[in-house]
2 protein chains.
Amino acid sequence: MLSDSNARLAAARGLTSPRGRREAGRFLAEGAQAVREALARPGTVLELFATAAAARQHAELIEGAPVSVISDRAAAALSETVHPQGLVAVCARLDVGLADALARRPRLVAILVEANDPGNAGTILRTADAAGADAVLFTGDSVDPYNGKAVRAAAGSLFHLDLVTGVSPAAALVACRDAGLRTIATTGAASLDLDELTDRGGLAGPTAWVFGNEARGLPADVVAAAELAVRVPLHGRAESLNLAAAAAVCLYASARANRFPAPS
Amino acid sequence: MLSDSNARLAAARGLTSPRGRREAGRFLAEGAQAVREALARPGTVLELFATAAAARQHAELIEGAPVSVISDRAAAALSETVHPQGLVAVCARLDVGLADALARRPRLVAILVEANDPGNAGTILRTADAAGADAVLFTGDSVDPYNGKAVRAAAGSLFHLDLVTGVSPAAALVACRDAGLRTIATTGAASLDLDELTDRGGLAGPTAWVFGNEARGLPADVVAAAELAVRVPLHGRAESLNLAAAAAVCLYASARANRFPAPS
């Protein structure tokens with residue numbers, strides 16, 4: 001039994017690497033909030049690891065779930081944070097196919113192209129959820145949304161949205177347009193700014209926002225393939241916005257435009 | 001000469017700790033972007049350290065500045081990042097007094113109360129700059145804005161705004177109100193939401209936004225001391241927004257309201 005438990009722990013530890021996650025089709029969700037959201041989604045949690053202290057502290061939360069009690073040291077080895085929380089769920093990947101996500105007729109979508117900071121990726125998932133988005137697409141060479149830091153930054157929102165991975169930016173843009181979404185590329189080089197677009201009613205319909213890499217922005221071919229290009233206005237002397245901050249401004253502009261449509 | 005150089009390097013290394021920064025009244029700014037912005041502000045850069053490679057790469061940028069060439073290892077010891085950039089400026093603290101900042105009649109201010117993540121703090125500085133804010137106030141037990149991670153996340157915007165530290169939230173709120181700023185506390189518990197406030201013209205005048213701790217939000221006494229309390233609407237199932245994302249939505253709502261005032 002002990003060796004079985006050790007083998008399961010070793011397998012879980014393998015999920016701290018991108019390759020381990022890919023090969024197993026599983027990922028780790030750490031902490032009470034993420035575990036609660038994971039447990040609320042049937043079929044997601046495959047097993048749970050908890051330190052004795054965490055098992056006591058979160059007894060109600062994990063009641064009825066298949067828990068293995070582990071040492072503090074083992075919990076630290078499963079954690080990608082400085083302060084391990086002692087509670088980790090092994091979860092089945094959540095991806096849905098692009099066609100399935102679009103068949104649900106989403107009204108607000110975020111497409112990430114080559115985003116490479118896991119904290120930004122998780123924050124954008126959380127913000128997209130808060131803004132009422134239906135799906136987030138990780139395209140091209142974007143960071144793995146199942147990375148421990150991304151899962152942590154998503155604060156449970158990973159489990160609320162349709163998550164699509166492994167498609168090219170071009171395929172994502174074509175499919176979104178065919179599904180009736182207006183595709184809007186965000187780039188500092190655009191002549192049209194977000195306020196102007198909002199004022200002319202440009203955010204009223206179903207929208208897919210396209211966000212680029214933290215340092216390089218969007219590739220020119222992706223900007224060209226989108227229906228519109230827009231910049232977030234810079235009123236001070238900052239050269240640009242942080243990716244997750246820009247996404248927050250754009251996604252909330254859509255949420256507001258759809259909540260209070262301009263009189264026609 | 002070598003021992004003098006070593007002593008200066010050791011002194012600079014001391015600035016990687018909060019206490020070292022406080023006692024010296026200095027901080028470190030790393031990387032080409034931060035160094036460029038620091039050099040653009042007269043009297044800010046006290047000395048520069050560069051690896052031979054960085055000195056070559058950024059020869060134009062650092063021309064005429066007092067540069068000490070250091071080893072890669074010494075550069076790593078000055079860095080708080082995984083990938084040291086080999087270029088670090090020792091800068092004089094930038095703080096201005098609260099009265100001085102308010103004497104310039106700011107129209108948009110961010111007040112941080114017990115914010116404790118340096119990445120969030122730096123991102124909020126960058127976003128506040130982008131939204132056209134005039135000042136950012138770090139009050140109460142907020143993180144040190146001169147922390148290496150905060151400086152890095154600010155991406156140069158630290159040098160663009162009036163930065164105020166070391167005041168209490170209560171003193172900041174009273175002084176802002178007396179200076180004609182509407183103080184707006186952000187809290188998920190508020191009955192009024194940001195869209196409603198915007199629609200009734202509540203963001204048209206000079207505004208000081210008040211943001212709380214990442215986990216606990218704002219203390220009740222701070223909310224009570226503000227003129228208004230507002231929440232960012234949550235349209236999906238996220239429990240809350242990341243602090244920097246919430247700040248981006250609020251600060252940009254102000255920027256937009258002041259750019260296109262509602263017809264009166």
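Engineer: Which residues make up the domain arrangement of chain A, and what are the values?
Structural biologist: Residue and element names in this part refer to chain A. Along its sequence, chain A is organised into domain 1 (2-92) and domain 2 (98-259). Counting residues at the interface gives 15 residues for domain 1, matched by nine residues for domain 2. Counting only elements with at least two residues in the side of domain 1 that touches domain 2, the list comes to α2 (18-24), β1 (26-30) and α3 (32-39). Within the side of domain 1 that touches domain 2, the residues separate by chemical class into six nonpolar, four polar and five charged.

Engineer: Help me get a handle on the interface of chain A and chain B, residues and values and all.
Structural biologist: Each side of the interface is counted separately: chain A has 30 residues, and chain B has 30 residues. Among the elements of the structure, α8 (118-130), α11 (194-199) and α13 (243-259) of chain A are those that each provide at least two residues to the side of chain A that touches chain B. With eight residues, the top contributor of residues to the side of chain A that touches chain B is α13(A). Taken together, the residues of the side of chain A that touches chain B break down into 13 nonpolar, nine polar and eight charged.

Engineer: So what's going on with the sheet that holds strand β8 (residues 182-186) of chain B? Which residues, and what values?
Structural biologist: Residues and elements named next belong to chain B. The parallel open sheet is built from six strands, whose spatial order is β7-β6-β5-β9-β8-β10. This sheet does not close on itself; its edge strands, each paired only once, are β7 (162-167) and β10 (228-230). On average, each strand axis in the sheet is inclined to that of its neighbour by 25°, with strand direction left out of account. The sheet contact formed by β8 and β10 spans three bridges and is parallel. Directly across from T186, in β10, lies its bridge partner V230. Running at roughly 170° to strand β5 (residues 108-113), helix α8 (residues 118-130) makes contact with β5 and β6 (135-139) of the sheet.

Engineer: Give a description of the sheet that holds strand β4 (residues 87-92) of chain A that names residues and reports values.
Structural biologist: All names here are of chain A. Within the open sheet, the four strands sit side by side as β1-β4-β2-β3. Their pairing is mixed. At either end of the open sheet lies a strand with only one pairing partner, and these are β1 and β3 (67-70). With direction set aside, neighbouring strand axes in the sheet form an average angle of 25°. As paired elements, β1 and β4 share five bridges and run antiparallel to each other. Bridge pairing links R26 to A92 in β4.

Engineer: Give me the relation of the copies chain A and chain B: which residues, what numbers.
Structural biologist: What connects the two chain copies is a rotation about an axis and a shift along it. The two copies are related by a screw motion: chain A maps onto chain B through a turn of 180° and a shift of 0.0 Å along the axis, at an RMSD of 0.0 Å. Such a combination of turn and shift is consistent with a two-fold rotation axis. The overlap is high: 100% of the interface residues of chain A also sit at the interface in chain B, so the same surface is used on both sides.

Engineer: How would you sum up the packing of α13(A) against helix α13 (residues 243-259) of chain B? Please name residues and give values.
Structural biologist: The geometry of α13(A) relative to α13(B) is characterised by a closest axis approach of 8 Å and an angle of 55° between their N-to-C directions. Judged on the interaxial angle alone, α13(B) and α13(A) are oblique. Like other packed secondary-structure pairs, α13(A) and α13(B) cross with a definite hand, here right-handed. On α13(B), the residues touching A244(A), A245(A), A248(A), V249(A) and Y252(A) of α13(A) are A244(B), A245(B), A248(B), V249(B) and Y252(B). Among the residues making up the contact of α13(A) with α13(B), the classes are represented as 10 nonpolar, no polar and no charged.

Engineer: Give a detailed account of the environment of L98(A), specifying residues and quantitative values.
Structural biologist: All names here are of chain A. Inspection of the secondary structure assignment puts L98 in helix α7 (residues 98-103). A residue is classified by how many C-beta atoms lie within 10 Å of it, and L98, with 21 of them, is buried. Residues L98 and A135 lie 37 residues apart in sequence; the distance between their C-alpha atoms is 9.5 Å. Leave out the neighbours within four places in its chain, and L98 touches V164, V167, A172 and A175.

About the criteria used
- Chains are numbered independently. Their residues run from 1 in the order of the written sequence.
- To read the labels, note that chains go from A and ligands from 1, taken in the order they are written.
- Reporting of local features is limited, given that this is a predicted model, to residues whose pLDDT is at least 70; pairs of side-chain atoms are given and counted only at 80 or more, and all residues count toward the totals for whole chains, interfaces and linings.
- Domain extents, as shown, originate in an automatic or database domain assignment.
- Residue pairs qualify as contacts under a 7 Å threshold applied to their C-beta atoms, which are placed from the backbone.
- Numbering of helices and strands starts at the N terminus; helices are DSSP runs of H or I of at least 4 residues and strands are runs of E of at least 2.
- Gly counts as polar in this scheme, as do all residues outside two lists: the nonpolar Ala, Val, Leu, Ile, Met, Phe, Trp, Tyr, Cys and Pro, and the charged Asp, Glu, Lys and Arg.
- A pair of strands is treated as paired once DSSP finds two or more bridges between them.
- Helix axes are fitted only over the stretch in contact, all axes being lines through C-alpha atoms; the angle between N-to-C directions runs from 0 to 180 degrees.
- What sets the superposition is a least-squares fit of C-alpha atoms, and only residues with pLDDT of at least 70 in both copies go into it.
- Oblique is the label for every angle not falling under 35 degrees (roughly parallel), over 145 degrees (roughly antiparallel), or within 65 to 115 degrees (roughly perpendicular).
- By convention the crossing between two helices is left-handed if the near helix lies anticlockwise of the far one by an angle smaller than a right angle, and right-handed if it lies clockwise.
- The exposure label follows from counting other C-beta atoms within 10 Å of a residue's C-beta, where the C-beta atoms are placed from the backbone and the thresholds are 20 or more for buried and 12 or fewer for exposed, leaving partly exposed in between.

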